[in-house]
Structure formats: structure tokens, C-alpha cells
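For reference, the chains in residue letters:
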Amino acid sequence: MSVENVKLLMDGREVLAAPGTNLIEAARLAGVEIPHFCYHPRLPIAGNCRMCLVEVGLPQLGPDRKPVLDADGRPRVNFGPKLTIACNTPVSEGMAVLTRTPRVIKARRGVMEFLLINHPLDCPICDQAGECRLQELAVDYGQGCSRFVEEKEHKPKHVALNAKLMLDDERCILCSRCIRFMRDVAGQDCLGFVARGSRSTLTCYPGQEPATNYDLNIVDLCPVGALTSTDFRFRQRVWFLKETPSLCPHCATGCNTLIGSREDVVYRQTPRDNPAVNQCWMCDQGRLNYKFINDPARLATPLVDGAPAEWPVAIAHVAQRLAAIRAAGGQVAGIGSARATTEELFLFAKLFQVLTTSPQIDADAESETRPTETAASLDAVCRPGLRPGANAGLLDSVPRSGAADKFLLDADRNPNMRGAQLAGVAAHPPGSRLAELAAGIARGEIKALLVLGEDVTAAGIGAELLAKLELLVVLDTLPGATTAAAHVVLPGASFAEKGGTFVNAKGRMQQLSPAVAAPGAARPEWQSLSELLAAVSSRALRDGQPKAANAWNVTTPVFPSLGKVFAAMAAESPALKGWTLDGLGSQGRDV
Amino acid sequence: MKVRRPKLTFLDRLYLPQILAGMWLTLKHIPRKKFTRQYPEEKFKLLGKYRGAPVLVRNQDGQVKCVSCQLCEFVCPPKAIRLFPGKRDPHAPAEAKIEKEPEDFVIDMTRCIYCGQCEEVCPEQAIFLKKTFAITGYKRAELQFHKDRLLELGGVHEDPICKWKKK
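Residues numbered from 1 in each chain as written. Chains lettered and ligands numbered in written order. Predicted model: local features only at pLDDT ≥ 70, side-chain atom pairs only at ≥ 80, totals over all residues.

Participant: In this structure, what is going on with the overall build of chain A? I would like to understand it.
Facilitator: Scanning chain A for helices and strands turns up 17 helices and 24 strands. Reported as C-alpha extents along the three principal axes, the dimensions of chain A are approximately 95 × 55 × 40 Å. Split into buried and exposed, the 591 residues of chain A put 48% on the buried side. At a minimum sequence separation of 6, the contacts of chain A that also span at least 24 residues come to 67%. (Helix = DSSP H or I, 4+ residues; strand = E, 2+ residues; numbered from the N terminus. Buried ≥ 20, exposed ≤ 12 C-beta atoms within 10 Å, placed from the backbone. Contact = placed C-beta atoms within 7 Å.)

Participant: Would you mind showing me how to read the interface of chain B and chain A here?
Facilitator: Where the parts come together, the accessible area they lose is often given as the size of the interface. Counting residues at the interface gives 13 residues for chain B, matched by nine residues for chain A. In the side of chain B that touches chain A, the residues fall into seven nonpolar, one polar and five charged. (Nonpolar A, V, L, I, M, F, W, Y, C, P; charged D, E, K, R; others polar.)

Participant: Even after reading the chapter, I still don't get the pairing of strand β2 (residues 13-17) of chain A, so can you show me in this structure?
Facilitator: The side chains of a regular strand alternate, first on one face of the sheet and then on the other. Residue and element names in this part refer to chain A. Bridging between strand β1 (residues 6-10) and β2 involves five bridges; their strand directions are antiparallel. Across the sheet, residue Met10 finds its bridge partner in β2, namely Arg13. Between β1 and β2, which pair antiparallel one after the other, the connecting turn spans two residues, and Asp11 there sits at a positive phi close to 50°. (Pairing = 2+ DSSP bridges.)

Participant: Can you walk me through the packing of helix α7 (residues 311-327) of chain A against helix α15 (residues 525-536) of chain A in this structure?
Facilitator: When two helices pack together, their arrangement is given by the angle between the helix axes and the distance between those axes. Residue and element names in this part refer to chain A. Running from N to C, α7 and α15 cross one another at 45°; their axes reach a closest spacing of 9 Å. Our classification of the angle between α7 and α15 gives oblique. Where α7 crosses over α15, the two elements pack in a sense that is right-handed. Taken together, the residues of α15 that come into contact with α7 (itself represented by Ile315, Ala316, Val318, Ala319 and Leu322) are Ser528, Glu531, Leu532, Ala535 and Val536. Broken down by class, the residue content of the contact of α7 with α15 amounts to eight nonpolar, one polar and one charged. (Axes fitted to C-alpha atoms, helices over the stretch in contact; angles between N-to-C directions. Parallel < 35°, antiparallel > 145°, perpendicular 65-115°, else oblique. Left-handed = near helix turned anticlockwise from the far one by under 90°.)

Participant: Please explain the environment of Phe181 of chain A as it appears in this structure.
Facilitator: Residue and element names in this part refer to chain A. Turning to its location among the elements, Phe181 is positioned in helix α4 (residues 177-185). Through-space distance from the C-alpha of Phe181 to that of Val3 is 30 Å; in sequence the pair is 178 residues apart. Those residues in contact with Phe181 that lie beyond four places of it in its chain are Leu43, Ala186, Asn217, Ile218 and Leu221.

Participant: Just checking my understanding: could you explain the sheet that holds strand β8 (residues 165-167) of chain A for this structure?
Facilitator: Residue and element names in this part refer to chain A. Spatially, three strands are ordered β7-β8-β11 in an open sheet, and the strand pairing comes out antiparallel. Of all strands in the sheet, those bounded by a partner on one side alone are β7 (159-160) and β11 (227-229). Across three bridges, the pairing between β8 and β11 is antiparallel. Looking at β11, one finds that Met166 is bridged to Thr228.

Participant: For this particular structure, what's the right way to read the nonpolar core?
Facilitator: Across soluble globular proteins, you tend to see nonpolar side chains buried next to one another. If you look at the biggest cluster of nonpolar residues, it comprises 151 residues, and the most contacted ones within it are Cys52 and Val54 of chain A. Those residues in contact with Cys52 of chain A, other than ones at most four positions away along the chain, are Ile24, Ile34, Pro35, His36, Tyr39, Ile85, Ala86 and Cys87 of chain A. If you look at the next biggest cluster of nonpolar residues, it comprises 31 residues, including Val55, Val67, Cys122 and Trp164 of chain B. (Core = buried A, V, L, I, M, F, W, Y, C linked by C-beta atoms within 7 Å.)

Participant: Please explain α4 of chain A as it appears in this structure.
Facilitator: For an α-helix, the turn length of 3.6 residues means that residues three or four places apart are oriented alike. The complete set of buried residues in α4 of chain A reads Arg177, Cys178, Arg180, Phe181 and Met182 of chain A. Contacts made by the buried residues of α4 of chain A are with β9 (191-194), α5 (217-221) and β11 of chain A.

Participant: In this structure, what is going on with the pairing of strand β23 (residues 508-512) of chain A? I would like to understand it.
Facilitator: All names here are of chain A. Where burial is concerned, most of β23 is hidden: five out of the five residues are buried. Sheet topology places strand β22 (residues 500-503) next to β23; four bridges connect them, and they run antiparallel. Considered in β23, the bridge of Thr501 is made with Gln511. Hairpin connection from β22 to β23: four residues lie between these consecutive antiparallel strands, with Gly507 at a positive phi of about 85°. Bridging between β23 and strand β24 (residues 589-590) involves two bridges; their strand directions are antiparallel. In the strand pairing of β24, Arg508 is matched with Asp590.

Participant: I keep staring at the environment of Ile461 of chain A and nothing clicks. Help me out?
Facilitator: Residue and element names in this part refer to chain A. Relative to the helices and strands, Ile461 is located in the loop between β19 (446-452) and α13 (463-466). We classify Ile461 as buried; it has 27 C-beta atoms within 10 Å. Each C-alpha atom, one on Ile461 and one on Leu434, is 8.1 Å from the other, the two residues being 27 residues apart in sequence. Leave out the neighbours within four places in its chain, and Ile461 touches Leu437, Ala438, Ile441, Val456 and Leu466.

Participant: I would appreciate a short explanation of the sheet that holds β22 of chain A in the present structure.
Facilitator: Within a sheet, adjacent strands bond to each other through the backbone by hydrogen bonds, running parallel or antiparallel. Here we have three strands laid out as an open sheet, ordered β22-β23-β24 (chain A), and antiparallel in their pairing. Looking along the sheet, the strands with just one partner apiece sit at the ends: β22 and β24 of chain A.

Participant: I would appreciate a short explanation of helix α17 (residues 562-572) of chain A in the present structure.
Facilitator: Regarding α17 of chain A, the residues found buried are Leu562, Val565, Phe566 and Met569 of chain A. Buried residues of α17 of chain A, viewed axially, fall in a sector of 100°; they line one side. (Arc of directions from axis to C-beta.)

Participant: Please clarify how the confidence of the model for chain A should be interpreted in this entry.
Facilitator: Low-pLDDT portions of the prediction should not be read for the details of their coordinates. Residues and elements named next belong to chain A. Scored by pLDDT, chain A comes out at a mean of 87, with 90% of its residues at no less than 70. Contacts from residues 358-392, a stretch scored under 50 in pLDDT, to residues over four places away or in other chains number 51 contacts. Below a pLDDT of 50 lies the segment residues 544-555, which in the model reaches 24 contacts outside its immediate sequence neighbourhood of four places, other chains included. (pLDDT = per-residue confidence, 0-100.)

Written out as C-alpha cells, the structure is:
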């Protein structure tokens, strides 16, 4: 860096900070926390809560503009007569900051006393309790009892700002974070303060209400319980929630999230900080898109021809029927959802590799399609483990798009289309082979179809085409038209129930982690696919002669853990050379 | 190993003095005050701080005092309490601005250890340990005390402050 860091003293400790850093951030570097309400690292600075007051001193300069040294040879520091707000004071060379002196503590206690004068103290019914900055700082700087004997100021309570937001003005401490977010980040200047003094009230401008796709971020921003989410309101206390780092599967941006769950029920999603992806925001559509996880209609048992079956039986059944179809010369096609994880799509592609390259079963599949020279450079990278063109004609993903905005929401509504291309499942452009597949089914060439997490009836392969198939295997989480037509249904896990990776639109590979357990016997698709792969590549299939039914019993899956699947994928893909699942960390890595 | 037998005198071997001494001890108790109580016909007198079954109370206006803050559920050492939070209409005059109320409140009396922490932690004075004891049932389900049962057991608790009315 060309700009030199500035050296300052934070409570006597030396800190190096980049020029322009404010004192709250510089203190954080030194491991000192300066309490604050209105300051937020990703919002413009307002400086109105006065909680971050500290003592700031600057080195005394002599006539030669050099610091005057004291008897010990240290620069003499002159402290100002008044306290300064840390949030809006940038660091400067030789600055000394004191954050724990009696004066500072007294100032903080004073600010807390003022803030609590009109606060209703209804923590028992406040959703913010447990993650409330006012509650936390009241423990540190509050008084045991109030000196205020007058009647508290009464303001509007439980006002619905819009369908998603509830406002309780009595709890508001007037930090203005929500105003700044709506004005400067969400781009709809609709909130503001009216009235003066202790009657100051946060409100919407008349006739306006927050109407962006980012409104719920102000619930996270609100340091108190003034703004709460209608969706999460009164549903669970935050101290019961287990927070699991995960990703939002709503679009290809791949916002980093925390899933709040208790006892296998997901209650909310909140954004997690990642400067390279979503900073600390997420859109409301994505945030509220978790309810299908708790849907009572979720598929929970493997179904073979409509009857519940045990996992080994179902897997063996699929492998057996696939073998029979291949032996009779029928083709097998697959549609892998770009909502599935990269590992699952890799195993899916691998399964097709085994199915189409088994020596006795398929002789002409390889001559069918040749690698195209026009394939994009990504295409070359994106075929781990696949012999080019071996089954390119038989696999695809379903594209899904919507309106993008200029902030986080991506037009591609599949969270892992890049991953599907990386694994060699999706075509370029995605979905371009779907018509071919439909035609193949219509001609009767494709006898078996494997569907991973997709309702193909909505993607041009209607129920009448599905009826022509000899075998339709569906791995999915919720029942639909495709699962209704399926011969074998293998219940899968939603994004909150499994590990894995998504590659976002910008090519960043990020990790999911399981927050809750899948319902009933449902389990992550990578496990089912891994067992299916083991069954399909077993000797009996390669010989094309399944002898006895028990020969198909699967005892050892190929991949015992997700890490092993990732390792196999990394070993076969040049783009992921040397990567490990743990190496992705919490923030992901660019492919 | 050789076991040494005590050498018994003639009186010892006669056995009568021991019988008589025992009889005398028994006879001495006949005129004394009796300790035994005829439970269950005769109930115990319980001391002031006795902790029996936890129950929910209503205030003098008939409102359920619990606002489902779930602190008792959090603090309960054997995890006997389970709360299902619900809403109430804050604009209804009878509800006096309280927005929350438990949809259901379950205390598993097979688990409760009568520690009284729920009563201590409650910010609303809505749960109390009454002097009810010997809680029995024929089925486990009978010992899952739900909201209605708990309120019935609890009755009314006069609230001198009525803090929600002042909110």
C-alpha cells in the first residue's frame, strides 16, 4: 500500500490503522469495544446517539511542527476539554484515545439514563430481547432504578409500517440507522423523525411506506426492538435459536446467511457478513424463502412404485431397473437441478458417466456426441471426471430467471447454475438440451429419466412424456407433478438440512451447513447418489447380469462423507485443484 | 479362619431378660405423643416456603398474567416447561396493551423438580409454586399440565401494580 498506516495509542496500546479509519474501528483493531448505537460500519455516520464518547488527545507540536517530548522522551499529548464521538473522529498520527476513564464512563451512564427515561422496558414481550444493544449496554451502564418520577412519554405502539414490518415507537432510541439504510442503501427515502425533543418519533412520510425488497434489513439494523419482523414476531425467543452459517438459495448471488433454528424447526434467516458477496444485507424474498423446509407435505420415505420402501431396497431397485434398461439398449437421461449442491451434481454427472461408459452396456453412446470446439472456456474447466461428450447429450439443468435489481438480487434464480456447469450437468446455455431430451423421450429412445430436485413438468417435459418412460426416478424434497408420475421417489434434504457448496453467479464457491434434520427417512441427496453410484458401478451391473435380488444390497457407499465427495471432485477438476471443503471457510473462495 | 464365639452366660442363654427389656421399651412409648399421621385422610401441615406444583395465575381483571417471555422455559433445569407463544389483540380494552400471551403452556409434571426457579425468574409474577403436592395420574398424558389446567389450579393473584395498564 502506498498510503502509510497511522500509529495511535488506544488506551495506552499502540494500534496501526489505515488513514480515514474512525476510532470505533481502530479500537476494534486493538481489541477495545467502544459502545455505540447509531454507528454502523456499512452506513453513513450520523453521530447522534452520543454513546461512543471518548477522550481524545493529540500530540503537542512545537514551533518546528515536531512533537514536543516529555522528560521520558515520549510525545506530550494534550487532551481536549470535552469528550469526542469516536464514530466520526478519524485516526491521526500520534493520537491518544482513552475509552475507560471515569469521565467517559460517567458520560455513558448519562446517555443511558436519558435513553431509558422514555423506554417502555417491555423486554418480556419484545422480540429483540436477548440480542438488544440497549439491554446489553443497560447491564454495563444502566442504573438500578430510574430517577425519573414523571409520566413516561407515550408514542404509537405496534404500528404496521407495511406487511413485513412492525414499528414500536416507544422502544425507538432515535439512532436513525433505519432512516439512513432506507435512504442510502435501499434507495427509498421514506422514513424520518417528526416532532422534537422527547416527543421525537420515527415515522413514514405520509402516504408512503417502505416498499423495497430490502425492508427487513432495518430489523437487523435496529439496535432495539422498535422495528420487528412481522414474520418472526412472537414466534421464538432469540436465545433459543441455534444459528448455523449457511447460504440463501433464492438466487445466484448466494448471500451468506445464518439460519436460526430450534429443535429442527427453522424460524428465521438473517444475513451474515461477507464483503465479497452481500456485505451484511440480504433481500426479503430470500430471507422469507425458508417456509418450505417446515412444510408438513415434505417427502419423508422412499417410494417404489408408490409403496414405501427401505433405502437399500429402493437403491437396489433403481440400479436393477437401470441395468435392465441399459442392457436392452435404452438410453438414460438426467435433469439435475441447479438448486442442488455442486457435490450432488458432481455425483449425478458421475453416475451418468458410469451408466454411459459401462463397456457392455453402451457401445454407441460415445460416438453419439463429440466435444464441440465452440464450447466456452468455462466448459473446458467444467467437466470434472467426464470424458468429453460421453453423455453431454443426456444431461441438463432447468434455467430459472426473474427480474434482477441493481443490488443483490440476481436474474438467475438458481443458486448453483455455475456449479451445475462446473459439474458438467447443465448445458451452455442452461436448458438448451431440454427440448432434445423431450424429443428423445417422445421418440422412445430415452427409456429412463433421473430427476434431481426439479419438477420437469414445468420445464417442457409434461406428464404425457413422463408416462412414456420405463423408469422415472426423482430425488426431491416436496411432492409435485413429477414425483406423482415417478416410479421411484427418493426423498431429499433441503438446503438447511445438508452440507455442500454453491457456486454463485460471480464464480465464488461457498458452503452450506446443516442446521436441522431432514424429515423422516429423507436424507441429503449426495448420500443417495453416492449409494446409487456404488450400486450402479458394482460388478453385477457391469456384467449386465443381475443374478439375485440380494446382489444389489448396498452396504458400502462409495463416498462415506461429503468431504470425500468434494475431494474426488477437486481431484478431477482443474479449477478446484488442491481445494478442500474445510478450506472454503466461512467466506468462500473464487473459482 | 477360626471364628470366635462369645462365651454366653446362663442368663444370656435363657433369652428372657432381652425379651423383657425389649417389651419395656415398647411399653414406654404407649403413653407418649404419637408421630404417625393418618395420611391421606390427615394432611401434612406445610411450612411457609414449601414448594409444590407450579401453576399459572390470572390478575384481578381476569387476564392471563403470563406474556410468554419464555424465561421460565429457558431457566427450567429439567426442561419441564414448554411454551408456545401467541398474540393477543393489544387494542382490545380487556387486554390492556399486552401484545403477547401463551397459546399453550405445558408443564411436564413427571419432569418438574419443584425447584422454584420459574417463579423466581418470572418478570410478570405469572407463575407460582403452590402448596399442591402428591400429583399423580394413571397416564403420562395426565401429568402434562396444559394452560387451562394450570390457570384453573392457579386462580387469581391480586396485582397491586398492573404495569401494563401504565404502558
